[in-house]
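Here is what each chain is made of, one letter per residue.
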Amino acid sequence: MTQITASMVKELRAVTGAGPLDCKKALQASDGNFDGAIDFLREKGLASAAKKLGAGRAMNEGVIQTYQHFNHRLGVMVEVNCETDFVASAAPFQEFARNVALHIANMAPEYVRREDVPEAVVQAERDLQMRILQEDEKNARKPEAILQKIIEGRMGKFFAGIVLMEQEFLLDDSKTVAEALAEAVALLGESMEIRRFARFAVGEDGNGAS
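An account of the accompanying structure is given in this report. (Residues numbered from 1 in each chain as written. Predicted model: local features only at pLDDT ≥ 70, side-chain atom pairs only at ≥ 80, totals over all residues. Heavy atoms only, no water.)

Right, let's get into the nonpolar core. Core analysis: the biggest nonpolar cluster contains 30 residues, and Val 78, Val 80, Phe 93, Phe 96, Ile 104, Met 192 and Ile 194 have the highest contact counts within it. Broken down by secondary-structure element, the contributors of at least two residues to this core are strand 2 (74–82), helix 5 (85–88), helix 6 (91–107), helix 10 (177–188) and strand 5 (192–201). Here this core takes seven residues from helix 6, the largest share from any one element. With twelve residues, the next largest nonpolar core counts Val 117, Val 122, Met 130 and Leu 147 among its residues. (Core = buried A, V, L, I, M, F, W, Y, C linked by side-chain atoms within 4.5 Å. Buried < 20%, exposed > 50% of the residue type's maximum accessible area, 1.4 Å probe, protein only. Helix = DSSP H or I, 4+ residues; strand = E, 2+ residues; numbered from the N terminus.)

This next bit is on the layout of surface pockets. For the second largest pocket, the calculated volume is near 220 Å³. The wall of the second largest pocket is formed by Pro 92, Glu 95, Phe 96, Asn 99, Phe 169, Asp 172, Lys 175, Ala 180, Glu 183, Ala 184, Leu 187 and Leu 188. Listed by contribution, the elements that provide at least two residues to the lining of the second largest pocket are helix 6, strand 4 (172–176) and helix 10. Residues of the lining of the second largest pocket, tallied by class, amount to seven nonpolar, one polar and four charged. (1 Å grid on protein atoms, 1.4 Å probe; cavity = no way out; pocket = protein on both sides within 12 Å on 5 of 7 lines; lining within 4 Å. Points joined across faces, edges and corners; volume = space filled by probe spheres on them. Nonpolar A, V, L, I, M, F, W, Y, C, P; charged D, E, K, R; others polar.)

To continue, consider the side chain of Glu 190. Looking at the element boundaries, Glu 190 is found in the loop between helix 10 and strand 5. Here Glu 83 takes part through its backbone nitrogen, which lies 2.7 Å from a polar atom of the side chain of Glu 190. Within polar-contact distance, the side chain of Glu 190 engages the backbone nitrogen of Thr 84 at 2.8 Å. (Polar contact = N/O pair within 3.5 Å; in protein donor to acceptor, adjacent residues only side chain to side chain.)

Our focus in this paragraph is helix 3 (residues 34–44). An α-helical turn contains 3.6 residues, so any two residues separated by three or four positions project in the same direction. Looking only at helix 3, the buried set comprises Ala 37, Ile 38 and Leu 41. One face of helix 3 carries all of its buried residues, which in axial projection span an arc of 100 degrees. Counted as exposed and oriented over 90 degrees from the buried face of helix 3: Asp 35, Arg 42 and Glu 43. The backbone nitrogen of Gly 36 has a side-chain oxygen 2.6 Å away, supplied by the residue at the start of helix 3, namely Asn 33. (Arc of directions from axis to C-beta.)

What follows deals with the pattern of salt bridges. Overall, the coordinates contain seven salt bridges when judged by the stated rule. The partner of Glu 152 in a salt bridge is Arg 126, and the shortest N-O contact between them spans 2.5 Å. Of this pair, Glu 152 sits in helix 9 (residues 144–162) while Arg 126 sits in helix 7 (residues 119–134), and the two are 26 residues apart along the sequence. In this structure Glu 152 comes out as partly exposed when scored by relative accessible area, which is 43%. Looking at Arg 126, the relative accessible area reads 22%, which means it is partly exposed. A salt bridge links Lys 175 to Asp 172; the shortest N-O distance between them is 3.4 Å. Using a relative accessible area of 15% as the deciding quantity, one classes Lys 175 as buried. Here Asp 172 falls in the partly exposed class, since its relative accessible area comes to 27%. Look at the salt bridges and you will find they share partners, linking Glu 79, Arg 195 and Arg 196 into a network. (Salt bridge = Lys/Arg side-chain N within 4 Å of Asp/Glu carboxyl O.)

At a minimum axis separation of 8 Å, helix 2 (residues 20–29) and helix 3 run at an interaxial angle of 120 degrees. Relative to helix 3, helix 2 is oriented oblique. The element helix 2 and its partner helix 3 pack so that their crossing is right-handed. Here Asp 22, Cys 23, Lys 25, Ala 26, Leu 27 and Ala 29 of helix 2 come into contact with helix 3, specifically with Ala 37, Phe 40 and Leu 41. Residue classes in the contact of helix 2 with helix 3 are distributed as seven nonpolar, no polar and two charged. (Axes fitted to C-alpha atoms, helices over the stretch in contact; angles between N-to-C directions. Parallel < 35°, antiparallel > 145°, perpendicular 65-115°, else oblique. Left-handed = near helix turned anticlockwise from the far one by under 90°. Contact = heavy atoms within 4.5 Å.)

Printed below as a string of structure tokens:
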């Protein structure tokens, strides 16, 4: 069986716009055959999904979904947008929005997308990771370029902890929220986005994203 490499996955993602996990599965299903992997994704409707996400379509419809914990000490509001009121009222769209609200309640992201994270927050985390590395005897003598590569790896985990789209999806940890969104787009056939959210917990500082 052909070994599926990261570069193969990256190339397929660039062509189809599908998520990395879906691309890997497609390449595995086609034993590494690129054209076969594209056909696999098309059959599942995933190849065009991510392209629709950033295609400049107006997404002025959607819902504001809420979640409240049984003890009324935790609540979430999230806005999920789409192109048409027809899709906004469809059961799969409504279910996806509810699942996103549930995810936010449990996983407590702070931002929707990586680019929403303030540069000061990102730099502070980079500086912290550099200090940690420099204080570790095993890493202190490593070249600056190596330390930066280590930091980049750690920053990926940092973003996955606070950025909604990069978190493992609560209801299926084999995919990220971004990949779950792409699957919903493939199912419903039009652009969708998670625009903003707010999460409130009694006794905690409020946090949310817009």
